[in-house]
There are 2 protein chains.
Amino acid sequence: MRALAVYDGQVRLLSDAPEPTCAPGEVVIQPLLAGICNTDLELVRGYYNYEGILGHEFVGRVIDGPSDWVGKRVVGEINVVCGQCDLCQEGNYTHCRARTVLGIQNRAGVFAERFTLPIRNLHPVPDALSDEQVVFVEPLAAACQVLEAAHVRPRDRVVVLGAGKLGLLVAQVLRLTGADLTVVVRHERQAQLLAQWGIRAASLADLPEQQAHVVVDCTGRQEGFADALRLLRPRGTLVLKSTYHGLPQADLTRVAVNEITVIGSRCGPFDTALRLLAGGLVEVTSLIEGRYPLAAGKEALAAAAQPGRLKILLTF
Amino acid sequence: MRALAVYDGQVRLLSDAPEPTCAPGEVVIQPLLAGICNTDLELVRGYYNYEGILGHEFVGRVIDGPSDWVGKRVVGEINVVCGQCDLCQEGNYTHCRARTVLGIQNRAGVFAERFTLPIRNLHPVPDALSDEQVVFVEPLAAACQVLEAAHVRPRDRVVVLGAGKLGLLVAQVLRLTGADLTVVVRHERQAQLLAQWGIRAASLADLPEQQAHVVVDCTGRQEGFADALRLLRPRGTLVLKSTYHGLPQADLTRVAVNEITVIGSRCGPFDTALRLLAGGLVEVTSLIEGRYPLAAGKEALAAAAQPGRLKILLTF
């Protein structure tokens, strides 16, 4: 089958990737749409030493497995977990010590004609939601995780740093809290989308120092951490959605003296994301800025890597 | 009057420091004992651009002010606050935007024959507690702040990194939680004290990676942050008691991916610290490793700066 993979630091379009085989409890899925995420771009750059088929954001159809699943349109959680380790036993499944992660860690991804996932990772998709909507469930769930980690109150002043693919979803989720929300933008297209959603956009220079109760860093750049510390009031909360290349310098003394709380945040609740989409509480399709067939996967990755570019989808 | 101060990066023993004058609501205090803290040593090294009389840990006697206060033996909170700013109004007094801090920020300290504090900063000391005990109230309150910031449960595995003056107090406070507590030590004297208190000591190399629920960094060294991240399990909590010279490199990607919570922690509740001392729940006097008269203040600071040295007191 065809697949888009990374090997030896090179993206390769494979024409003869091996067919996936199901472990017990798994199904074979044919993707309908897949999204390109910044993590995919980082994997291509070799940040995490991953080799194999890329991709983890998808909506697909089950084509092989138990008969009550075959034919279903699904999205799927990306962490494949053991259920046995201490972290699983305590309900911290996304941190399973023995996990594989779809297209990220020891598990072939979704930029392929077929792939597998355990049934317990799947969420059937309501008919009322389009493929173009639900392909955003994984990143939208990650955006929802911000509110799992931090208690954001209606009276809080909240700043989102970085209005990229993830930042724009985080902003929409944070808008639901009723907090006084500002998103720092660097591109006109981001400002337009935020205006359309009724969310305030600003440039970093316009924001006062030490006033924000909560700052969410979605920049992916190490300046994001320093900027966030400047904006946060004492006892404020910094939610880190970013990963950073290398080891950024961080003003940890300021964290201690100002009693800042820094909370890392990664994968989130799929059911919540599906509910927000079904209720029309979050708008995602206007983030789509390009569609490429799998055969043009290299061009799709190159397009997704352009500064300011929002969501690029792969079609199958 | 005599005082120990820092000017132009030099410690000076002054013989003609100006007498302090009381603002409304303040009293004049004569110190009975004062403690040397790592912050004092950092001020001497010029980390915070402070110039003036040093010192903030004290027990003293009120010698001038309202008659119902004169003669009382007191300890005192070090943040002198406005009561008016947004942070004060919300009860975050220690973060007052207009604060001065005793011997640290725009306010003459206690390494002097006399100094002033507002009455509202004072806590009278019960007769049953000795000067040698209550001179530890300020750092013990800071140790208590760890538990204000982080919820430590009896089932948690907790590691304290850095068994210095502050770390040994933090360890004793954490012992009260019933958690499975280990303190990382580098000096024999620290191990002896911990054994005496029934607290487990270990070397860093003996501890397993990614197992601790809570790590408190009291090292004051930037390796402390990296070591803490190595020890913490996913979704663990890192409490930063340390301040660090410069901008340490920090693996913020690990914070994000492992969903670590980092909480800065500074000044704490004096009333709680007094209660712990009064109840015999924390033992402090065995931390005392030297006493110097104010006139030998330079020698006292030099002694306190020796690696592994615990509490050095000034007498008056």
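Draft legend 1. Representation of the overall build of chain A. Assigned secondary structure in chain A consists of 10 helices and 18 strands. Relative to the compact-globule value of 20 Å for 316 residues, chain A shows a C-alpha radius of gyration of 19 Å, a close match. In terms of overall dimensions, chain A has a C-alpha envelope of 55 × 45 × 40 Å along the principal axes. Buried positions account for 58% of the 316 residues belonging to chain A. When contacts within chain A are restricted to residue pairs at least 6 apart in sequence, long-range pairs at least 24 apart make up 67% of them. Accessible surface computed for chain A: about 12,400 Å², of which carbon and sulfur atoms make up 48%.

Draft legend 2. Fine view of the pattern of salt bridges. Residues and elements named next belong to chain A. Going through the model one piece at a time under the given rule, you end up with 32 salt bridges over all chains. Between Glu113 and Arg2 there is a salt bridge, and its shortest N-O distance comes to 3.8 Å. Here Glu113, found in the loop between β8 (100-101) and β9 (115-118), pairs with Arg2, found in the segment before β1 (3-7); they are 111 residues apart in sequence, far enough to count as distant. Assessed through its relative accessible area of 26%, Glu113 is described here as partly exposed.

Draft legend 3. Structural view of unusual backbone geometry. Residue and element names in this part refer to chain A. Located in the positive-phi region is Asn106, a residue other than glycine, with phi close to 55 degrees. When you line up the elements, Asn106 lands in the loop between β8 and β9. According to the relative accessible area criterion, Asn106 is exposed, its value standing at 66%.

Draft legend 4. Quick look at helix α5 (residues 165-175) of chain B. Within α5(B), 9 of the 11 residues are buried, which leaves the element mostly enclosed by the surrounding structure. Listing the buried residues of α5(B) in full gives Lys165(B), Gly167(B), Leu168(B), Leu169(B), Val170(B), Ala171(B), Gln172(B), Val173(B) and Leu174(B).

Draft legend 5. Layout of the packing of aromatic side chains. For the structure shown, the criterion picks out 4 aromatic pairs over all chains. With centroids separated by 6.4 Å and ring planes inclined at 75 degrees, the aromatic side chains of Tyr47(A) and Tyr48(A) adopt a geometry described as edge-to-face. You can call Tyr48(A) partly exposed: its relative accessible area is 32%. Seen from their ring centres, Phe58(B) and Phe115(B) are 4.8 Å apart, and the 75 degrees between their planes marks the pair as edge-to-face. Residue Phe58(B) is found in strand β5 (residues 57-64), and its partner Phe115(B) is found in strand β9 (residues 115-118); the two are separated by 57 residues along the sequence. Each member of the pair, Phe58(B) together with Phe115(B), is buried. Its guanidinium or amino end placed over the ring of Trp69(A), Lys72(A) lies 4.8 Å from that ring's centre, counting from NZ or CZ.

Draft legend 6. Molecular detail of the side chain of Asn258(B). Tracing the sequence through the fold places Asn258(B) in the loop between α8 (252-257) and β16 (261-264). When residues no more than four places from it in sequence are discounted, the contact partners of Asn258(B) are His95(A), Gln210(B), Pro234(B) and Arg235(B).

Draft legend 7. The environment of Asp227(B), seen in detail. All names here are of chain B. Structurally, Asp227 is set in helix α7 (residues 223-231). You can call Asp227 buried: its relative accessible area is 14%. Between the alpha carbons of Asp227 and Val216 there is a distance of 11 Å; along the sequence they are 11 residues apart. In contact with Asp227, other than residues within four places in its own chain, are Leu161 and Leu204.

Draft legend 8. Spotlight on the packing of α5(B) against helix α6 (residues 188-197) of chain B. All names here are of chain B. With their axes 11 Å apart at the nearest point, α5 and α6 run at an angle of 20 degrees to one another. Considered as vectors, α5 and α6 are oriented roughly parallel to each other. In this structure, α5 meets α6 at a crossing whose hand is right-handed. Facing Leu168, Ala171, Gln172 and Arg175 of α5, the residues of α6 in contact are Gln190, Leu193, Leu194 and Trp197. Among the residues forming the contact of α5 with α6, the class breakdown is 5 nonpolar, 2 polar and 1 charged.

Draft legend 9. Here's a closer look at the environment of Gly76(B). All names here are of chain B. Relative to the assigned elements, Gly76 resides in strand β6 (residues 73-76). Exposure remark for Gly76: the relative accessible area of 2% places this residue in the buried category. Each C-alpha atom of the pair Gly76 and Gly60 lies 8.8 Å from the other, and the pair is 16 residues apart in sequence. Apart from the residues within four sequence positions on either side, Gly76 is in contact with Phe58, Leu117, Asn121, Leu122 and Phe270.

Draft legend 10. Expanded view of the sheet that holds strand β4 (residues 52-53) of chain B. All names here are of chain B. Taken in spatial order, the 3 strands line up as β2-β1-β4 in an open sheet, and their pairing is antiparallel. One side of each edge strand has no neighbouring strand; the edge strands of this open sheet are β2 (10-14) and β4. Pairing of strand β1 (residues 3-7) with β2 involves 5 bridges; the strand directions are antiparallel. Residue pairing for β2: Ala3 is matched across the bridge by Leu14. Seen against the sheet, helix α10 (residues 297-304) touches β1 and β2 and runs at an angle of roughly 145 degrees to β2.

Draft legend 11. Representation of the relation of the copies chain A and chain B. Overlay of chain A on chain B (RMSD 0.0 Å): rotation 180 degrees, translation along the axis 0.0 Å. On this basis, the relationship between the two copies can be described by a two-fold rotation axis. It is Gln249(A) whose C-alpha, among those of chain A, lies nearest the rotation axis, at 2.1 Å. Taken as a fraction of all interface residues of chain A, those also at the interface in chain B reach 100%, which identifies the copy contact as same-surface.

Draft legend 12. Quick peek at the confidence of the model for chain A. Summarising the model, chain A shows a mean pLDDT of 96, and 100% of its residues fall at 70 or more. Prediction confidence for the complex, expressed as pTM and ipTM, is 0.94 and 0.93 respectively.

Draft legend 13. Focus on the interface of chain A and chain B. Counting residues at the interface gives 41 residues for chain A, matched by 41 residues for chain B. For the pair chain A and chain B, the summed buried surface comes to about 3,600 Å²; carbon and sulfur atoms form 50% of the total. For the interface between chain A and chain B, the tally reads 4 salt bridges. Between Arg233(A) and Asp86(B) there is a salt bridge whose closest N-O contact spans 3.2 Å. Taken together, chain A and chain B are joined by 26 residue pairs in polar contact (both at pLDDT 80 or more). Secondary structure elements with two or more residues in the side of chain A that touches chain B: α2 (86-89), β15 (232-240), α8 (252-257) and β16 (261-264) of chain A. For the side of chain A that touches chain B, the leading source of residues is α8(A), giving 5 residues. A class-by-class count of the residues in the side of chain A that touches chain B yields 17 nonpolar, 14 polar and 10 charged.

The rules behind these values
- Residues numbered from 1 in each chain as written.
- Chains lettered and ligands numbered in written order.
- Predicted model: local features only at pLDDT ≥ 70, side-chain atom pairs only at ≥ 80, totals over all residues.
- Heavy atoms only, no water.
- Helix = DSSP H or I, 4+ residues; strand = E, 2+ residues; numbered from the N terminus.
- Rg over C-alpha atoms; globule rule 2.2 N^0.38 Å.
- Buried < 20%, exposed > 50% of the residue type's maximum accessible area, 1.4 Å probe, protein only.
- Contact = heavy atoms within 4.5 Å.
- Areas by Shrake-Rupley, 256 points an atom, 1.4 Å probe, with all protein chains shown as cover.
- Salt bridge = Lys/Arg side-chain N within 4 Å of Asp/Glu carboxyl O.
- Phe/Tyr/Trp six-rings, centres within 6.5 Å; stacked < 30°, edge-to-face > 60°.
- Lys NZ or Arg CZ within 6 Å of the ring centre and 35° of its normal.
- Axes fitted to C-alpha atoms, helices over the stretch in contact; angles between N-to-C directions.
- Parallel < 35°, antiparallel > 145°, perpendicular 65-115°, else oblique.
- Left-handed = near helix turned anticlockwise from the far one by under 90°.
- Nonpolar A, V, L, I, M, F, W, Y, C, P; charged D, E, K, R; others polar.
- Pairing = 2+ DSSP bridges.
- Least-squares fit on C-alpha atoms with pLDDT ≥ 70 in both.
- pLDDT = per-residue confidence, 0-100.
- Buried area = accessible area lost by both parts, 1.4 Å probe.
- Polar contact = N/O pair within 3.5 Å; in protein donor to acceptor, adjacent residues only side chain to side chain.

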